[in-house]
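Analysis of the macromolecular model
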Amino acid sequence: MARNTVRKTVELSEENVNWYYATFPGGSLGGMLDSLLQFFRDTVEHTPSEYAKIAAEQLSEELKAR
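Cut-offs applied
Residues numbered from 1 in each chain as written. Predicted model: local features only at pLDDT ≥ 70, side-chain atom pairs only at ≥ 80, totals over all residues. Heavy atoms only, no water. pLDDT = per-residue confidence, 0-100. Helix = DSSP H or I, 4+ residues; strand = E, 2+ residues; numbered from the N terminus. 1 Å grid on protein atoms, 1.4 Å probe; cavity = no way out; pocket = protein on both sides within 12 Å on 5 of 7 lines; lining within 4 Å. Points joined across faces, edges and corners; volume = space filled by probe spheres on them. Nonpolar A, V, L, I, M, F, W, Y, C, P; charged D, E, K, R; others polar. Patch = residues over 30% accessible without salt bridge, like charges linked within 9 Å, V, L, I, M, F, W, Y side chains within 5 Å. Areas by Shrake-Rupley, 256 points an atom, 1.4 Å probe, with all protein chains shown as cover. Salt bridge = Lys/Arg side-chain N within 4 Å of Asp/Glu carboxyl O. Buried < 20%, exposed > 50% of the residue type's maximum accessible area, 1.4 Å probe, protein only.

Our next topic: the confidence of the model for the chain. When pLDDT is averaged along the chain, the result is 92, and 97% of the positions lie at 70 or above. Mean pLDDT across the secondary structure elements of the chain bottoms out at helix H2 (residues 29–43), with 92, and peaks at helix H1 (residues 14–23), with 97.

Glancing now at the environment of Pro48. In this fold, Pro48 is placed in helix H3 (residues 48–65). C-alpha of Pro48 to C-alpha of Leu36: the two residues are 12 residues apart in sequence and 19 Å apart in space.

This part covers the layout of surface pockets. The gaps left among the atoms become clear once a water-sized probe is rolled over them. In this structure, the largest pocket encloses a volume near 500 Å³. Along its surface, the largest pocket is lined by Arg3, Asn4, Thr5, Val6, Lys8, Val10, Leu12, Leu29, Gly30, Leu33, Asp34 and Leu37. Looking at side-chain class alone, the lining of the largest pocket contains 6 nonpolar, 3 polar and 3 charged residues.

Another point: a nonpolar patch on the surface. Taken together, the side chains of Leu37, Phe40, Val44 and Tyr51 make up a nonpolar region of the molecular surface, amounting to roughly 380 Å² of accessible area. Here Tyr51 lies in helix H3.

With that settled, consider the environment of Ser35. Along the chain, Ser35 falls in helix H2. Judged by its relative accessible area of 38%, Ser35 is partly exposed. Remark: the alpha-carbon pair of Ser35 and Ala52, spanning 17 residues in sequence, is separated by 27 Å.

Below, the structure written as C-alpha coordinates:
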(Lines give C-alpha, C1' and ligand atoms only; values in the text may rest on other atoms or scores of the structure.)
Protein backbone atom coordinates (compact mmCIF):
# COMPACT_ATOMS: atom_id res chain seq x y z
CA MET A 1 0.00 0.00 0.00
CA ALA A 2 1.48 3.34 -1.04
CA ARG A 3 1.80 6.03 1.58
CA ASN A 4 0.89 9.60 0.89
CA THR A 5 3.63 11.99 1.88
CA VAL A 6 3.50 15.62 2.92
CA ARG A 7 6.34 18.09 2.64
CA LYS A 8 6.57 20.24 5.73
CA THR A 9 9.26 22.69 6.80
CA VAL A 10 10.36 22.13 10.38
CA GLU A 11 12.98 23.89 12.45
CA LEU A 12 15.50 21.73 14.30
CA SER A 13 18.57 22.70 16.23
CA GLU A 14 21.77 22.55 14.24
CA GLU A 15 23.42 20.61 17.07
CA ASN A 16 20.84 17.82 16.95
CA VAL A 17 20.82 17.60 13.16
CA ASN A 18 24.63 17.45 13.07
CA TRP A 19 24.59 14.74 15.75
CA TYR A 20 22.03 12.70 13.79
CA TYR A 21 24.03 12.75 10.56
CA ALA A 22 27.31 12.06 12.38
CA THR A 23 25.73 9.12 14.21
CA PHE A 24 23.73 7.75 11.26
CA PRO A 25 25.60 8.67 8.07
CA GLY A 26 23.28 8.41 5.11
CA GLY A 27 20.28 8.01 7.43
CA SER A 28 16.89 9.43 6.59
CA LEU A 29 16.12 12.22 9.04
CA GLY A 30 12.61 12.48 7.61
CA GLY A 31 12.06 8.75 8.09
CA MET A 32 13.30 8.92 11.66
CA LEU A 33 11.06 11.89 12.46
CA ASP A 34 8.06 10.15 10.89
CA SER A 35 8.70 7.04 13.02
CA LEU A 36 9.09 9.18 16.13
CA LEU A 37 5.81 10.94 15.40
CA GLN A 38 4.08 7.56 14.96
CA PHE A 39 5.42 6.31 18.32
CA PHE A 40 4.27 9.56 19.92
CA ARG A 41 0.79 9.12 18.40
CA ASP A 42 0.67 5.56 19.72
CA THR A 43 1.40 6.69 23.28
CA VAL A 44 -0.84 9.76 23.46
CA GLU A 45 -4.28 8.54 24.43
CA HIS A 46 -5.97 11.74 25.57
CA THR A 47 -6.34 15.37 24.56
CA PRO A 48 -4.48 18.01 26.58
CA SER A 49 -7.76 18.92 28.31
CA GLU A 50 -8.33 15.30 29.28
CA TYR A 51 -4.79 15.04 30.67
CA ALA A 52 -5.39 18.22 32.71
CA LYS A 53 -8.62 16.76 34.11
CA ILE A 54 -6.89 13.49 35.02
CA ALA A 55 -4.08 15.39 36.75
CA ALA A 56 -6.57 17.55 38.67
CA GLU A 57 -8.48 14.48 39.81
CA GLN A 58 -5.29 12.75 40.95
CA LEU A 59 -4.15 15.86 42.82
CA SER A 60 -7.55 16.14 44.47
CA GLU A 61 -7.37 12.53 45.63
CA GLU A 62 -3.85 13.02 46.93
CA LEU A 63 -4.86 16.12 48.89
CA LYS A 64 -7.86 14.30 50.39
CA ALA A 65 -5.58 11.48 51.56
CA ARG A 66 -3.41 13.87 53.59
